[in-house]
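As a plain string of letters, each chain reads:
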Amino acid sequence: MRIVLLGPPGSGKGTQSALLQEQYGAQHVASGDLLREAVERETELGCKAKQYMDSGRLVPDQLVLDMVKERLLRPDCRKGFILDGFPRTDAQADELARVLTEEGRPLDHAVAFAISRDAIVERLTGRRSCPNSDCGRTFHVKFKPPAVDDVCDECGTPLRWRDDDTEETILKRIEVYIEQTKPLIEWYRKAGLLREIEGAGAPAEVFGRVREALASN
Ligand code: AMP
């Protein structure tokens, strides 16, 4: 399975990716997670990316493309991958299609999640994540609270509020999504790969819709 997940921040791409990885064995590759790791490790890429991420803008295409192309060549992506948060621009979608065609492993589907602006803000302002890169579980203060306040259920690491999950930056990220990423829905529709899903509701409910959409022709 080789798919890309499209949708605004907070539409459930990360949560659905984890469920897809569990069910189908394809590797979850999230460009935002890769960038946050680079920022954390203070690599050259991380230092360049940080200013864009903190203000909710997109990191320049070339930086993200090099990073994702390298990631997709690793052995764990041979059985398939779920791209979460990538591509986000026409240039990224063009280059991804070119590389995958050249490697003889084109995409099977592009799944687009739709969700209201109010639901996005509610989901993201309450989101808490485990910063341990071997764990990475996400929680929500209202919808999926951890057993102990602000501590990861899985590995005991103190949970973190993402720097870009403030209301001001969330609104900027939604604006950037509408301007630069939403047009990709048409890009994938024309390519005959698009599956559109209602993203509101509990994770299991949305996952049922995803599985149905992937099974249909
Ligand atoms: P995410 O975790 O997907 O919400 O991404 C967090 C931030 O990382 C975004 O607001 C961007 O600044 C940056 N980012 C993630 N993926 C990309 C991408 N494909 N292209 C450009 N910037 C990205």
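Just above, that's the structure.
Residues numbered from 1 in each chain as written. Predicted model: local features only at pLDDT ≥ 70, side-chain atom pairs only at ≥ 80, totals over all residues. Heavy atoms only, no water.

Caption draft 1: Representation of the overall build of the protein within the structure. Across its full length, the protein carries nine helices and seven strands. Relative to the globule expectation of 17 Å for 217 residues, the C-alpha radius of gyration of the protein, 17 Å, shows essentially globular dimensions. If one aligns the C-alpha atoms of the protein with their principal axes, the spans along those axes are about 45 × 40 × 35 Å. Taking contacts inside the protein between residues at least 6 apart in sequence as the whole, the part at least 24 apart equals 67%. Entry remark: accessible area of the protein is about 11,500 Å², with carbon and sulfur atoms responsible for 49%. On the protein, the mean spot of the 32 positive side-chain charges and the mean spot of the 37 negative ones are 3 Å from each other. (Helix = DSSP H or I, 4+ residues; strand = E, 2+ residues; numbered from the N terminus. Rg over C-alpha atoms; globule rule 2.2 N^0.38 Å. Contact = heavy atoms within 4.5 Å. Areas by Shrake-Rupley, 256 points an atom, 1.4 Å probe, with all protein chains shown as cover. Lys, Arg positive; Asp, Glu negative; His and termini not counted. Charge placed at Lys NZ, Arg CZ, Asp CG, Glu CD.)

Caption draft 2: How the structure looks around the site of the ligand. In the vicinity of the ligand lie 16 residues, with S31, R36, R57, R88 and Q92 positioned nearest. Within the side chain of R36, a nitrogen or oxygen atom sits 2.9 Å from an oxygen atom of the ligand. At 2.6 Å from an oxygen atom of the ligand is found a main-chain nitrogen or oxygen belonging to R57. Across the complex, the protein chains shield 95% of the 480 Å² of accessible surface that the ligand would expose by itself. Top element by residues in the shell around the ligand is helix α2 (residues 31-40). It accounts for four residues. Of the residues contributing to the shell around the ligand, the split by class is six nonpolar, four polar and six charged. (Near = heavy atom within 4 Å. Polar contact = N/O pair within 3.5 Å; in protein donor to acceptor, adjacent residues only side chain to side chain. Nonpolar A, V, L, I, M, F, W, Y, C, P; charged D, E, K, R; others polar.)

Caption draft 3: Representation of the side chain of S31. Its place among the elements puts S31 in helix α2. Exposure remark for S31: the relative accessible area of 4% places this residue in the buried category. Setting aside anything within four residues of it in sequence, one finds S31 in contact with V64, M67, V68, D84, G85, F86 and R88. (Buried < 20%, exposed > 50% of the residue type's maximum accessible area, 1.4 Å probe, protein only.)

Caption draft 4: Focus on unusual backbone geometry. The omega torsion across F86 and P87 is 0°, close enough to zero to call that bond cis. Positioned with a positive phi, E42 is a non-glycine residue whose angle comes to about 55°. Turning to its location among the elements, E42 is positioned in the loop between α2 and α3 (44-54). At D150, a residue that is not glycine, the phi angle is positive and equals roughly 60°. Of note, D150 is situated in the loop between β6 (138-140) and α7 (167-181). Exposure remark for D150: the relative accessible area of 44% places this residue in the partly exposed category.

Caption draft 5: The packing of aromatic side chains, seen in detail. Tallied over the entire structure, the rule returns one aromatic pair. Across from the ring centre of W161, 4.2 Å away, lies the NZ or CZ of R128, which sits over that ring. The aromatic ring of F139 is capped on one face by K144, whose charged end is 5.4 Å from the ring centroid. (Phe/Tyr/Trp six-rings, centres within 6.5 Å; stacked < 30°, edge-to-face > 60°. Lys NZ or Arg CZ within 6 Å of the ring centre and 35° of its normal.)

Caption draft 6: Structural detail: the state of the cysteines. Per the counting criterion, the structure on display carries zero disulfides. For C77, which is in no disulfide, the shortest distance to another cysteine sulfur is to C135 and amounts to 20 Å. Taking the relative accessible area as the measure of exposure, C77 reaches 1% and is therefore buried. (Disulfide = S-S within 2.5 Å.)

Caption draft 7: Fine view of α7. The end-to-end C-alpha distance of α7, which contains 15 residues, comes to 20 Å, matching closely the 21 Å that a straight helix rising 1.5 Å per residue would cover. The set of residues buried in α7 consists of T169, I170, R173, I174, V176, Y177 and T181. Across the axial projection of α7, the buried residues extend over an arc of 165°, all falling on one side. Looking at α7, the residues exposed on the side facing more than 90 degrees away from the buried face are E168 and E179. Contacts from the buried residues of α7 go to α3, α6 (117-125), β5 (127-129) and α8 (183-190). (Expected span 1.5 Å × (residues − 1). Arc of directions from axis to C-beta.)

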